[in-house]
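Descriptive analysis of the structure
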Amino acid sequence: MSENAATAAIKELVAEREWGQFHLEENLAKSISIEAGELLQCFQWGSAFDRDRVRDELADVLTYCLLLADKLALDPETIVLQKLSVTREKYPVDKARGRSTKYDAL
């Protein structure tokens, strides 16, 4: 797994503070969900939002995602590309273009 600059910086920050002891897979997964909830809260009362707050909350979600991928020895780019391949199969262009219908109802 090749480590990107963001993952390396996150791991350095975690190591300096000895936070790795708290980063069990389940705790990281919970943290992703918690931070995603905080991101969603930015849009709670309508379409107007604070871009800086959204940026910060999105960074928190991505940070925990990168930490979990690292913990599981998964390369983020590889798993995203693999999932896109699966999605392409489930949602053929000729059936899915311009539609939000779930794959099993196309």
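Residues numbered from 1 in each chain as written. Predicted model: local features only at pLDDT ≥ 70, side-chain atom pairs only at ≥ 80, totals over all residues. Heavy atoms only, no water.

What follows is about helix 1 (residues 5-17). Look at helix 1: 19 Å from first C-alpha to last across 13 residues, which is about the 18 Å you get at 1.5 Å a residue. Along helix 1, the residues that are buried comprise Thr7, Ile10 and Val14. Burial along helix 1 is one-sided: seen end-on, the buried residues are contained in an arc of 65 degrees. Pointing more than 90 degrees away from the buried face of helix 1 are the exposed residues Ala5, Ala15 and Glu16. Buried residues in helix 1 make contact with helix 3 (51-71). Where helix 1 begins, the capping side chain belongs to Asn4, and its oxygen is found 3.0 Å from the backbone nitrogen of Ala6. A positive backbone phi angle near 55 degrees is found at Glu18, which sits one or two residues after helix 1. (Helix = DSSP H or I, 4+ residues; strand = E, 2+ residues; numbered from the N terminus. Expected span 1.5 Å × (residues − 1). Buried < 20%, exposed > 50% of the residue type's maximum accessible area, 1.4 Å probe, protein only. Arc of directions from axis to C-beta. Contact = heavy atoms within 4.5 Å. Polar contact = N/O pair within 3.5 Å; in protein donor to acceptor, adjacent residues only side chain to side chain.)

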